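Structural overview for review
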Amino acid sequence: MTLAPPPGLRLLMLLQAKAVVRRAWRGAGTLRGGFFLFLALLVLAMWLGPAIWMRGDAPPTDPHRVRLFMPLILLASCVTTLLTGSSDRAIAFTPAEVDFLFAAPVSRRQLLFYKLAKSAFAHGLMAAPMTLIFMRHGGSWIGVYLAIAFSLALVQLLNMAVLLTAETVGKRLYSRLRIVAVAAMGALVVWAFMIALARQTGDARAMLSAFVESTPGRIALAPFAPFAWTLTATGVGQLVLALAGCAAVLGLLVGIIFHLDADYLEASIVAGRRAAERTRQRRSGGWMSTRGAAWRNLPMFPRLGGAGAMAWRQTLKAVRGAKGLLIVLLILVVGVGPSLWVMRDGGGSAHPDLFGGLVAALAWATVFLSGTLRMDFRGDLDVLPMLRQLPISPMALTLGQLAVPIAILTICQGAALTMLAVAFPVAAPWALAAIALAAPFNTVVIGVENLVFLLYPSRAPSGPGDLQGFGRQIALMFLKVLVVAVACGLAFGAGALALATSGRFALAAVAAISTLLVESLGIVALVRWAFVRFNPSAHTAA
Amino acid sequence: MTVLDVSDFHKAYRGVVAVEGLSFSVEPGQILGLLGPNGAGKTTTLRAIAGILPPTAGNISISGHDVHADPVTAKRHLAYVPDDPNLFDALTVWEHLRFIAAIHRMDDFQTAAEALLDQFELVGKRDALAMELSRGMRQKLAICCAYLHRPCLILLDEPMTGLDPRGIRDMKRSILTQADEGAAFVVSSHLLALVEDLCTHLLILHRGRRLFFGPVAEARSAFAGLDGDLSLEDLFFRATEGADPAAAMERS
């Protein structure tokens with residue numbers, strides 16, 4: 001069988017590698033491109049710098065612990081990837097590869113070789129910065145680098161082998177085999193867990209150690225052990241032995257993949273289509289999937305000059321993607337509410353340490369949801385030309401577009417703040433003031449998100465090496481944070497001034513809320529202006 | 001020698017039949033128009049001929065080579081331009097042509113590539129990235145890539161999408177020229193006037209089954225009650241609206 005890719009595939013790999021470099025430097029000569037590139041490099045340096053400079057300060061991790069837990073982490077990664085459906089990527093080709101390569105005179109094995117070679121290149125690149133971060137857990141630079149690169153390859157090869165086996169044996173037999181494999185693995189895990197329980201240590205880490213060191217634990221984790229040994233190897237002899245183990249595991253998987261010679265092209269197209277669909281969903285509605293949700297319906301809202309219809313459309317989008325939304329909210333309620341209740345002390349108040357945690361969680365949820373709830377202009381980039389020609393006023397359209405994420409965010413915060421008030425009666429006035437502040441604050445946050453989006457509409461960085469795209473995202477994020485910080489600072493300043501002059505908390509709250517209200521109205525007016533000046537021909541697909 | 005031979009081709013997706021018992025052949029120089037309403041099985045047929053989808057049953061061979069059993073040899077004689085072709089966004093126009101030449105092991109491609117760029121007015125875009133091209137230019141580049149290695153069978157799925165009137169005229173001319181030089185075409189399109197202008201033969205599909213296959217001139221006589229001077233549009237609607245595929249198969 002011919003494995004080596006023909007000259008055409010080798011050239012394609014070379015051209016794509018060249019394109020990554022070209023993408024990174026293209027436009028860097030201009031002031032704007034240079035600024036974004038500088039910003040991206042600065043952020044990367046700030047991220048990686050401490051790992052390099054302070055590597056001597058941090059105490060090295062006990063190699064025994066790494067060898068104990070890394071195989072478990074690798075097993076969990078492989079299982080998670082297989083179960084969550086992201087394993088599709090293992091055999092997915094890009095749309096251009098499908099159109100050009102699937103009808104080209106190259107064999108399936110050569111295509112797989114091409115895919116593996118490309119992945120190996122990507123893993124090699126990804127492993128470099130990760131080496132800096134994981135260095136203190138390893139024995140030598142080269143060992144850490146190879147362990148990371150090989151671990152990334154392991155996850156991909158295992159997924160690929162499983163998916164190609166499924167293609168070879170047929171879906172029905174594959175499902176049965178998978179049940180057998182999962183049952184066998186489950187039996188090993190249960191057996192190991194029983195042994196760990198028998199130790200009765202009460203310490204979670206000790207139990208985990210007992211689990212990993214038990215016979216069934218060792219059997220289940222044996223294929224992953226060489227990768228941990230590679231990471232922690234200190235001498236050449238140790239490293240060579242560990243690498244031989246890795247090579248055996250990876251070689252076996254590669255052998256299976258090429259031996260199967262499965263007809264994966266159709267499955268690959270389906271996988272690619274799913275990946276494209278996921279990307280489209282991410283762009284239009286964050287993590288929310290609307291598949292099969294057409295039955296969830298809503299009556300039309302009052303017209304309100306057209307704003308009602310716009311809000312109805314966005315609410316429908318939220319309702320149809322509510323599965324993911326409900327899961328997030330459920331986690332918040334299940335996680336926070338009962339915890340506060342259980343931890344109430346004799347005086348009916350929860351532990352003070354929790355206060356800070358809850359406020360932090362609330363802040364995180366606000367940031368997370370404001371970026372994720374894209375039922376507004378951000379999720380409508382592809383339909384903005386259609387929105388522009390609707391016979392309703394831009395202000396009504398803007399209000400309708402912004403209403404839904406603001407409402408959802410406000411309801412979530414209202415629920416969390418109510419819990420806070422119940423758990424900490426002392427903080428109740430503050431919580432009530434915060435509830436009153438939530439709606440105008442959220443209008444400012446969502447408004448700024450939409451304003452920046454309409455002024456600088458952009459999708460995610462266009463691919464590996466797009467450092468300027470990355471820098472641009474950082475700059476936009478910084479801009480958003482800056483505007484929100486200034487708006488909040490002014491409101492806080494007005495409140496503080498009112499408190500200082502009158503000494504009354506209620507007056508201070510009214511001053512802060514009034515300031516935020518004025519600001520939110522200003523932001524909505526700015527979003528309207530940005531929508532009117534938005535040029536669809538410059539920013540949407542031709 | 002027959003360039004394309006499709007024999008009793010079936011394709012099903014998870015039990016749903018997309019194409020059923022399709023047989024037809026294409027000779028050198030012929031331009032076969034593949035017609036049918038949405039969901040008729042046109043794109044599935046083209047993808048199976050291109051070796052992208054395996055047939056559930058039946059045989060497809062290109063210049064005597066079975067696409068499924070001997071795909072690499074069969075695909076040497078083939079070019080496929082899908083509907084809305086995807087390009088490698090980070091590669092330039094010229095790099096696309098260089099890649100296609102390499103994949104088909106062409107030693108000297110420069111002259112032919114430059115001629116194609118000239119023919120399709122892409123000379124000025126030679127060093128432009130694919131992501132910077134308009135929809136029409138992307139289509140033209142995909143066509144240039146298809147023509148470059150001079151295949152004997154060219155499959156085009158909606159080839160005129162995104163082209164301006166001049167582009168459409170150039171495309172039509174190029175298809176006729178290539179056919180004159182011996183290439184066989186299978187052109188899937190909803191533009192019936194285009195098919196009528198270009199095609200020597202017709203294959204009408206409906207719900208995965210063949211309603212008609214043969215020379216354009218014979219199509220009218222195949223459907224009883226149609227006058228000889230009726231347009232292809234009249235013929236298409238007569239054939240596909242309320243058609244009984246089984247009866248139609250007997251007719252063709």
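Here is a short report on the structure shown in this document. Keep in mind the model is a prediction, meaning the values are calculated, not measured. (Residues numbered from 1 in each chain as written. Chains lettered and ligands numbered in written order. Predicted model: local features only at pLDDT ≥ 70, side-chain atom pairs only at ≥ 80, totals over all residues.)

**Here we look at the overall build of chain A**
In terms of regular secondary structure, chain A is built from 21 helices and zero strands. Sorting the 542 residues of chain A into buried and exposed places 35% on the buried side. Sequence separation of 24 or more characterises 78% of the internal contacts of chain A that already satisfy a separation of 6 or more. (Helix = DSSP H or I, 4+ residues; strand = E, 2+ residues; numbered from the N terminus. Buried ≥ 20, exposed ≤ 12 C-beta atoms within 10 Å, placed from the backbone. Contact = placed C-beta atoms within 7 Å.)

**Side note on the overall build of chain B**
The secondary structure content of chain B amounts to ten helices and ten strands. Radius of gyration (C-alpha) of chain B: 18 Å, near the 18 Å computed for a compact globule of 252 residues. With the C-alpha coordinates of chain B rotated into their principal frame, the extents come out at 55 × 40 × 35 Å. Residue burial in chain B is summarised as follows: out of 252 residues, 48% are buried. Put simply, 68% of the contacts in chain B that link residues at least 6 apart link residues at least 24 apart. (Rg over C-alpha atoms; globule rule 2.2 N^0.38 Å.)

**Examining the interface of chain B and chain A**
With 26 residues of chain B in contact, the opposing surface of chain A contributes 24 residues. At the level of secondary structure, the elements contributing two or more residues to the side of chain B that touches chain A comprise α2 (71-76), β6 (78-81) and α3 (93-103) of chain B. With five residues, α3(B) is the single largest residue contributor to the side of chain B that touches chain A.

**Section: the sheet that holds strand β5 (residues 65-66) of chain B**
Residue and element names in this part refer to chain B. Spatially, four strands are ordered β2-β1-β4-β5 in an open sheet, and the strand pairing comes out antiparallel. Only two strands of the sheet have a single partner each, and these edge strands are β2 (16-26) and β5. In the sheet, strand β1 (residues 4-13) pairs with β2 via seven bridges, with the strands oriented antiparallel. In the strand pairing of β2, Phe9 is matched with Leu22. (Pairing = 2+ DSSP bridges.)

**Some words on the packing of helix α6 (residues 141-169) of chain A against helix α10 (residues 225-232) of chain A**
All names here are of chain A. At a minimum axis separation of 7 Å, α6 and α10 run at an interaxial angle of 160 degrees. With respect to their mutual orientation, α6 and α10 come out roughly antiparallel. For the pair α6 and α10, the crossing hand works out as left-handed. Residues Gly143, Val144, Leu146, Ala147, Phe150, Ser151 and Leu154 of α6 form the contact with α10, whose own contacting residues are Phe227, Thr230 and Leu231. Grouping the amino acids of the contact of α6 with α10 by side-chain chemistry returns seven nonpolar, three polar and no charged. (Axes fitted to C-alpha atoms, helices over the stretch in contact; angles between N-to-C directions. Parallel < 35°, antiparallel > 145°, perpendicular 65-115°, else oblique. Left-handed = near helix turned anticlockwise from the far one by under 90°. Nonpolar A, V, L, I, M, F, W, Y, C, P; charged D, E, K, R; others polar.)

**Some details on the packing of α3(B) against helix α5 (residues 135-148) of chain B**
Helix-helix packing: each pair is described by the crossing angle between the helix axes and the interaxial distance. All names here are of chain B. Running from N to C, α3 and α5 cross one another at 25 degrees; their axes reach a closest spacing of 9 Å. Taken together, the axes of α3 and α5 are roughly parallel relative to one another. Here α3 runs over α5; the crossing is right-handed. Between α3 and α5, the residues in contact are Val93, His96, Leu97, Ile100 and Ala101 and Leu141, Cys144, Cys145 and Leu148, respectively. Looking at the contact of α3 with α5 residue by residue, the class counts come to eight nonpolar, one polar and no charged.

**Regarding the pairing of strand β8 (residues 184-188) of chain B**
Residues and elements named next belong to chain B. β8 sits mainly inside the fold: five of its five residues count as buried. Here β8 shows no split at all, with Ala184, Val186 and Ser188 on one side and Phe185 and Val187 on the other all buried. The pairing of strand β3 (residues 31-35) with β8 spans four bridges and is classified as parallel. In the strand pairing of β8, Leu34 is matched with Ser188. As paired elements, strand β7 (residues 153-157) and β8 share five bridges and run parallel to each other.

**Thoughts on helix α4 (residues 110-119) of chain B**
Residues and elements named next belong to chain B. If you check which residues of α4 are buried, you get Ala113, Leu116 and Leu117. With its buried residues spanning 100 degrees around the axis, α4 presents them on a single face. In α4, the exposed positions that point more than 90 degrees away from the buried face belong to Thr111 and Asp118. Buried positions along α4 lie against α3 and α5. Directly after α4, the chain includes Glu121, whose backbone phi takes a positive value near 55 degrees. (Arc of directions from axis to C-beta.)

**A short note on the environment of B:Lys140**
Residue and element names in this part refer to chain B. With respect to the element layout, Lys140 can be found in helix α5. The exposure class assigned to Lys140 is buried, which follows from the 26 C-beta atoms found within 10 Å. Lys140 sits 27 residues away from Gly167 along the chain, and the two C-alpha atoms are 8.1 Å apart. Ignoring sequence-local partners within four residues, the contact set of Lys140 consists of Phe120, Leu122 and Gly167.

**Things to note about the pairing of β3(B)**
Residues and elements named next belong to chain B. Of all the five residues making up β3, five are buried; the element is thus mostly covered by neighbouring parts of the structure. Of the two faces of β3, the one holding Ile31, Gly33 and Leu35 and the one holding Leu32 and Leu34 are both buried throughout. Judged from the four bridges that link them, β3 and strand β9 (residues 201-206) form a sheet pairing that is parallel. When the sheet's bridge partners are listed, Leu35 is paired in β9 with Ile204.

**Some words on helix α17 (residues 394-423) of chain A**
Relative to the 44 Å expected for 30 residues at 1.5 Å per residue, α17(A) spans 43 Å between its end C-alpha atoms, a close match to the ideal helical length. Where α17(A) bends most, at A:Ala403, the angle is about 35 degrees, and the proline A:Pro405 comes one to four residues later. (Expected span 1.5 Å × (residues − 1). Bend = angle between axes of the 7 residues up to and from the residue.)

**Details of the sheet that holds β9(B)**
All names here are of chain B. As summarised here, the arrangement of the six strands in space is β6-β7-β8-β3-β9-β10, forming an open sheet in which the pairing is mixed. For this open sheet the edge positions go to β6 and β10 (209-215), each flanked by a neighbour on one side alone. Across the sheet, the axes of successive neighbouring strands diverge by a mean angle of 15 degrees, strand direction being ignored.

**Looking at the environment of A:Ile148**
All names here are of chain A. Its place among the elements puts Ile148 in helix α6. Sequence separation between Ile148 and Trp312 is 164 residues; the distance between their C-alpha atoms is 48 Å. Excluding residues that lie within four positions of it along the chain, Ile148 makes contacts with Ala127, Met130, Thr131 and Phe134.

**Structural notes on unusual backbone geometry**
Residues and elements named next belong to chain B. Despite not being glycine, Asp84 has its phi angle at roughly 55 degrees, a positive value. Locating Asp84 in the fold gives a position in the loop between β6 and α3. You can call Asp84 partly exposed: it has 15 C-beta atoms within 10 Å. Phi angles above zero are rare outside glycine, and Arg207 is one such case at about 50 degrees.

**Things to note about the environment of B:Pro85**
Along the polypeptide, B:Pro85 turns up in the loop between β6 and α3. Along the chain, B:Pro85 and B:Lys140 lie 55 residues apart, while their C-alpha atoms are 9.9 Å from each other. Once you skip the residues sitting within four places of it in the chain, B:Pro85 turns out to touch A:Asp99, B:Arg138, B:Gln139 and B:Ala142.

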